[in-house]
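If you want the building blocks of each chain, they are given just below.
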Amino acid sequence: FGGCSQYSMRDTRSQQCLADGIGTLDSSDFYYQNGRAEVNASSGWFFSGSEGGYVVSCTADSNDASAFALLSSAPASDPNKNMFFVNCIGDTSGSYNWNISDLMNSYFTQCWGSTQKSTAVNTFATGFVISSLRCNGLFFNGCIAINNNSHGFHINDPGSTGPTNIVFNGCQFGSLSNGANGNGRAGCGYGLYI
């Protein structure tokens, strides 16, 4: 969806696409419900330069890159913002289940970020990674980031100015600690890593 406004999509499925499963580019005021994005060559759900989205009960599993990616091509002038994610599941995808490097003033309620596969499949996977100065005003309510081969939540400063105003309320963090289904490298998986 590129440059679209005021639309809704329900009960959809994208599977085994050669790039992203569902891409939302420069769109606003949209509603996604009960969507699934699985086994895609890039991300399951991709958002760039979009705002005012309400994404509820959507899942992404076993994608090569991320389950959910919020990465704008021009974050300084056209950021993702004012988004709502409710009961969404990012599972067993690439290095990050939720890859958030461009998002402002947005809410996550009861969302899940987990790896759940052995280190042979997901070598060093994180539930949620929040990186860059383009991430601010993010509120996580009742979210769960457990059973990851790396960190549950990773708030990362890329070396200039890091994310600001990140709020956790009633969230659960964790990573795996056993060898059969454990950390990508010994001792480096934290529940919350800042």
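The notes below deal with the structure included here. (Residues numbered from 1 in each chain as written. Predicted model: local features only at pLDDT ≥ 70, side-chain atom pairs only at ≥ 80, totals over all residues. Heavy atoms only, no water.)

### Re the overall build of the protein
Okay, step 1: Tallying secondary structure elements over the protein gives zero helices and 21 strands in all.
Okay, step 2: Per-residue burial for the protein yields a buried fraction of 48% across its 194 residues.
Okay, step 3: Contacts in the protein between residues far apart in sequence, at least 24 positions, make up 61% of those at least 6 positions apart.
Okay, step 4: Put simply, the protein shows about 8,200 Å² of open surface, and 48% of that area lies on carbon and sulfur atoms. (Helix = DSSP H or I, 4+ residues; strand = E, 2+ residues; numbered from the N terminus. Buried < 20%, exposed > 50% of the residue type's maximum accessible area, 1.4 Å probe, protein only. Contact = heavy atoms within 4.5 Å. Areas by Shrake-Rupley, 256 points an atom, 1.4 Å probe, with all protein chains shown as cover.)

### Remarks on the nonpolar core
Okay, step 1: The biggest cluster of nonpolar side chains holds 33 residues, and the ones touching the most others in it are Trp-45, Phe-47, Phe-85, Ile-100 and Phe-140.
Okay, step 2: Contact partners of Phe-85, with chain neighbours within four places excluded, come to Phe-47, Val-55, Phe-68, Leu-70, Trp-98, Tyr-107, Phe-108, Thr-109 and Cys-111. (Core = buried A, V, L, I, M, F, W, Y, C linked by side-chain atoms within 4.5 Å.)

### Looking at the sheet that holds strand 7 (residues 54-56)
Sheets are built from strands paired through backbone hydrogen bonds, the pairs being either parallel or antiparallel.
Okay, step 1: Reading across from one edge, 1-4-7-10-13-16-19 is the order of the seven strands in this open sheet, with parallel pairing throughout. At either margin of the open sheet sits one strand with a lone partner, and together these are strand 1 (5-10) and strand 19 (164-169). Neighbour-to-neighbour, the strand axes of this sheet turn through a mean angle of 10°, independent of strand direction.
Okay, step 2: In this structure, strand 7 lies alongside strand 10 (residues 84-86), joined through three bridges in parallel fashion. Pairing of Val-56 across the sheet is with Val-86, part of strand 10. (Pairing = 2+ DSSP bridges. Axes fitted to C-alpha atoms, helices over the stretch in contact; angles between N-to-C directions.)

### Topic: the pairing of strand 15 (residues 126-131)
Okay, step 1: Summarising burial for strand 15: six of the six residues are buried, a large majority.
Okay, step 2: Looking at chain direction, strand 12 (residues 96-100) and strand 15 are connected through four bridges and run parallel. Following the sheet pairing, Asn-99 is matched in strand 15 by Val-129.
Okay, step 3: In this structure, strand 15 lies alongside strand 18 (residues 153-156), joined through four bridges in parallel fashion. The residue of strand 18 that forms the bridge with Val-129 is His-154.

### Remarks on the environment of Ser-62
Okay, step 1: Position of Ser-62 among the secondary structure elements: in the loop between strand 8 (59-61) and strand 9 (66-70).
Okay, step 2: The class for Ser-62 is partly exposed, based on a relative accessible area of 21%.

### Describing a nonpolar patch on the surface
Okay, step 1: On the surface, Tyr-54, Phe-84 and Tyr-107 cluster together into a nonpolar patch covering about 270 Å² of accessible area.
Okay, step 2: Here Phe-84 is to be found in strand 10. (Patch = residues over 30% accessible without salt bridge, like charges linked within 9 Å, V, L, I, M, F, W, Y side chains within 5 Å. Salt bridge = Lys/Arg side-chain N within 4 Å of Asp/Glu carboxyl O.)

### Quick notes on the sheet that holds strand 6 (residues 45-48)
Okay, step 1: The parallel open sheet is built from seven strands, whose spatial order is 3-6-9-12-15-18-21. Taken across any chain shown, the strands that pair with only one partner, and hence form the sheet edges, are strand 3 (22-25) and strand 21 (192-193).

### What about the packing of aromatic side chains?
Okay, step 1: Summed over the entire model, instances satisfying the criterion amount to 26 aromatic pairs.
Okay, step 2: Geometrically, the ring pair formed by Tyr-31 and Tyr-54 is stacked, given 5.4 Å between the ring centres and 10° between the ring planes. Residue Tyr-31 is located in strand 4 (residues 28-33), and its partner Tyr-54 is located in strand 7; the two are separated by 23 residues in the primary sequence.
Okay, step 3: On the numbers, 5.5 Å between centres and 5° between planes, the contact of Phe-84 with Tyr-107 is stacked. Placement of Phe-84 in strand 10 and of Tyr-107 in strand 13 (residues 103-109) is noted, with a sequence separation of 23 residues between them.
Okay, step 4: On the basis of relative accessibility, which here comes to 36%, the residue Phe-84 falls in the partly exposed class. (Phe/Tyr/Trp six-rings, centres within 6.5 Å; stacked < 30°, edge-to-face > 60°.)

### Some details on the pattern of salt bridges
Okay, step 1: Applying the stated criterion to the full structure yields two salt bridges.
Okay, step 2: Glu-38 is the salt-bridge partner of Arg-13, the closest N and O atoms lying 2.8 Å from each other. Note that Arg-13 is positioned in strand 2 (residues 13-15) and Glu-38 in strand 5 (residues 36-38), a separation of 25 residues in sequence.
Okay, step 3: Since its relative accessible area comes to 11%, Glu-38 is described here as buried.
Okay, step 4: Its salt-bridge partner being Arg-36, residue Glu-38 comes within 2.4 Å of it at the nearest N-O pair.
Okay, step 5: Taken together, the shared-partner salt bridges connect Arg-13, Arg-36 and Glu-38 into one network.

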